[in-house]
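# Descriptive analysis of the structure
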Amino acid sequence: MKHQGKFIVFEGPDRCGKSTQATILGKYLTELGYEVITTREPGGDKVAEDIRNILLDPKNTVSPMAELLLYEASRAQHTEQVIIPALRAGKIVICERYTMSSCAYQGYGRGIDMDVINQLNDIATYDTKPDLTLVFLMSDKYFTQRGEYLFSDRLEQEDEAFRHKMRRGYREIAAKMSNTVIIDADRPVADIEKTVIEEIKRHNILEGESLSR
Ligand code: TMP
C-alpha cells in the first residue's frame, strides 16, 4: 500500500542504540520543519502497549507461536491505528522495530517457519512497507556491557545462543531486502548519527513533494 508520507524503520538487536538514534533523527527532521512521529513496536498505542507488557514481562511463560501472534496482533493494531493514518497525513514515521524483528527473533531465534511469519507480517501490516530500514548491528560484548545496570525484559533474558541466531538473522535478512542498510553500531553515537543522516539523504526520503512541513 502506497502513502504520501515516509516510513523509516530502525531495527537491530537489543541495546544496539536504535532508540537514541531514532530520537536524534526525529529531532533533526522536526527542526528542518517536517512533521514527524516517533513510535515503536511492540506498542505505539494503548492496546499495543498492553500487549507489549504481556510479551516483555519476565514472569510470563509464553509459547513461541503465542509470542509470534502477540507481536503480530500488536503490529496490526499499531499499523492500523498509528502508522497508516500518519502516512496518509503526509508525515514522516520513525518506528523502532517492525516486521524484520519477527523474522530475526521468532524466525531465526525461535525457529518458526519463515513463510508463516512473512504471511502474518503481510496481514498485520496491510502490506505497508518501510521506505527505508536501518539495521543497527553491534558486537555482542556491548549487549552485556550496556546492560550491566539495566533491568532485563523477557526477551533480553534469552541466552547467548539465541542472540547469536537472531543476530545472524538480521545480517542474512538485511542482505536480501531492498531499501535496507546495515549500520555499524559499534562506533560512537555522533558517527552513527552522521551515517543515519547520509542514508536518509541517499535514499531521497526528504524529497517527496507531499511531505508535511
Ligand atoms: P524493545 O522495544 O525494548 O527493543 O523490546 C522489544 C523486544 O521484543 C526486543 O527484545 C525484541 C522483541 N521483539 C520480537 O521478538 N519480535 C518482534 O516482532 C518485535 C517487534 C520485537
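Quick look at the structure, then.

Calculation notes
- Residues numbered from 1 in each chain as written.
- Predicted model: local features only at pLDDT ≥ 70, side-chain atom pairs only at ≥ 80, totals over all residues.
- Heavy atoms only, no water.
- Phe/Tyr/Trp six-rings, centres within 6.5 Å; stacked < 30°, edge-to-face > 60°.
- Helix = DSSP H or I, 4+ residues; strand = E, 2+ residues; numbered from the N terminus.
- Buried < 20%, exposed > 50% of the residue type's maximum accessible area, 1.4 Å probe, protein only.
- Lys NZ or Arg CZ within 6 Å of the ring centre and 35° of its normal.
- 1 Å grid on protein atoms, 1.4 Å probe; cavity = no way out; pocket = protein on both sides within 12 Å on 5 of 7 lines; lining within 4 Å.
- Points joined across faces, edges and corners; volume = space filled by probe spheres on them.
- Nonpolar A, V, L, I, M, F, W, Y, C, P; charged D, E, K, R; others polar.

### Here we look at the packing of aromatic side chains
- Tallied over the entire structure, the rule returns 4 aromatic pairs.
- Relative to Phe-162, the ring of Tyr-105 has its centre 6.1 Å away and its plane inclined at 55 degrees; by these criteria the two rings are tilted. One end of the pair, Tyr-105, is in helix H4 (residues 99–109); the other, Phe-162, is in helix H7 (residues 160–176), and 57 residues separate them in sequence.
- By relative accessible area, Tyr-105 is classed as buried at 6%.
- The structure contains a cluster of three or more aromatic residues connected by ring pairs, namely Tyr-105, Phe-162 and Tyr-170.
- When the ring centre of Phe-143 is taken as reference, the NZ or CZ atom of Arg-15 above it lies at 4.2 Å.

### Concerning the layout of surface pockets
- As a volume, the largest pocket reaches approximately 710 Å³.
- Asp-14, Arg-15, Lys-18, Arg-97 and Glu-156 are the residues nearest the centre of the largest pocket, which is lined by 32 residues in total.
- Within the residue set of the lining of the largest pocket, elements represented by two or more residues are helix H1 (18–31), helix H2 (46–56), helix H3 (64–88), H4 and helix H8 (189–202).
- Tallied by class, residues from the lining of the largest pocket come to 12 nonpolar, 7 polar and 13 charged.
- Taken as a whole, the second largest pocket holds about 420 Å³ of empty space.
- Around the second largest pocket sit 21 residues that line it, and Thr-99, Asn-118, Lys-129, Pro-130 and Met-177 are the ones nearest its centre.

Note that all results are geometric; they support no functional claim without further evidence.
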